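Understanding the architecture of this molecule
Letter by letter, the chains look like this.
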Amino acid sequence: TYRAAGHRILRTAADRSVAVIAGDSRPGFVDGPGSAARFNRPLRLSLDSAGNMYVADYGNHRVRKIARDGVVSTVALISWPWWPTGVAVWRDRIYVLERWGDYYRMPPVPAYLANLIGQPRISVLNGDGTTRVVARVVSWPTRLITAAVALGLVALAVWRVRRVLLRLRAPA
């Protein structure tokens, strides 16, 4: 089995021995042979039918490919403020789960709230390295929080307008 851990991609064999496929313990961004490549918080990975591995390189805002020969290359750049948190291959199309905002550096409560508001989306990689959004995930807490914020902004605007009008009416 394969997994991402400590800025590296690891393979665990049946005898439970662990081998480093790509990356090292230091974060960074370098494409190239597995041992020379660098990742920055890789989160999820997936294999295609040809045996190539695709990695959601969260800290670098990229989707990376590890070819069967071990060479790492960048296949897509995910533009800020979106962060790739997952990758899946289905019928040789690569799908990326993206989240808005860097929740992994926040304290727990703000991260939870940001996660509700963040509205994750699913994109598919195009042949030219760009992504196209194919689905947005919107939950009822997201809609509720968005409506509450909008209502609060409207209430604040009404309060400020009333305050200005009262000042204009006041005798000098």
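The following refers to the structure shown. (Residues numbered from 1 in each chain as written. Predicted model: local features only at pLDDT ≥ 70, side-chain atom pairs only at ≥ 80, totals over all residues. Heavy atoms only, no water.)

1. Some words on a nonpolar patch on the surface
Taken together, Val-149, Leu-153, Leu-156 and Trp-159 make up a surface patch of nonpolar side chains, about 410 Å² in accessible area. Of note, Leu-156 is situated in helix H2 (residues 140-169). (Patch = residues over 30% accessible without salt bridge, like charges linked within 9 Å, V, L, I, M, F, W, Y side chains within 5 Å. Areas by Shrake-Rupley, 256 points an atom, 1.4 Å probe, with all protein chains shown as cover. Salt bridge = Lys/Arg side-chain N within 4 Å of Asp/Glu carboxyl O. Helix = DSSP H or I, 4+ residues; strand = E, 2+ residues; numbered from the N terminus.)

2. Focus: unusual backbone geometry
A positive phi is found at His-61, a non-glycine position, where the angle reads about 55°. Classification of His-61 by relative accessible area gives buried; the value is 13%. (Buried < 20%, exposed > 50% of the residue type's maximum accessible area, 1.4 Å probe, protein only.)

3. Digging into the sheet that holds strand S12 (residues 131-136)
Within a sheet, neighbouring strands are paired by backbone hydrogen bonds and run either parallel or antiparallel to one another. Strand order in the open sheet formed by four strands is S9-S10-S11-S12, and the pairing between neighbours is antiparallel. Edge positions in the sheet fall to strand S9 (82-90) and S12, since each has one partner strand and no second. The sheet shows a mean angle of 30° between the axes of neighbouring strands, direction not considered. Where strand S10 (residues 93-100) lies against strand S11 (residues 121-125), four bridges are found, and the strand directions are antiparallel. Bridge pairing in S11 places Leu-97 opposite Ile-122. (Pairing = 2+ DSSP bridges. Axes fitted to C-alpha atoms, helices over the stretch in contact; angles between N-to-C directions.)

4. Let's talk about the packing of aromatic side chains
In this structure the tally under the stated criterion is one aromatic pair. Here the guanidinium or amino end of Arg-62 rests over the ring plane of Phe-29, the centre of that ring lying 4.1 Å away. Above the ring of Phe-39, the side-chain terminus of Arg-64 is found at 4.7 Å from the ring centroid. (Phe/Tyr/Trp six-rings, centres within 6.5 Å; stacked < 30°, edge-to-face > 60°. Lys NZ or Arg CZ within 6 Å of the ring centre and 35° of its normal.)

5. Digging into the sheet that holds strand S3 (residues 18-23)
Read across the sheet, three strands follow the order S1-S2-S3 without closing on themselves; strand pairing throughout is antiparallel. The strands lining the two open edges of the sheet, one partner per strand, are strand S1 (2-5) and S3. Taking each pair of neighbouring strands and ignoring which way they run, the sheet shows an average axis angle of 30°. As defined by bridge partners, strand S2 (residues 8-12) adjoins S3 across five bridges and the pair is classed as antiparallel. Residue pairing across strands places Leu-10 opposite Val-20, the latter belonging to S3.

Scope: geometric values only; no functional claims are made or implied.
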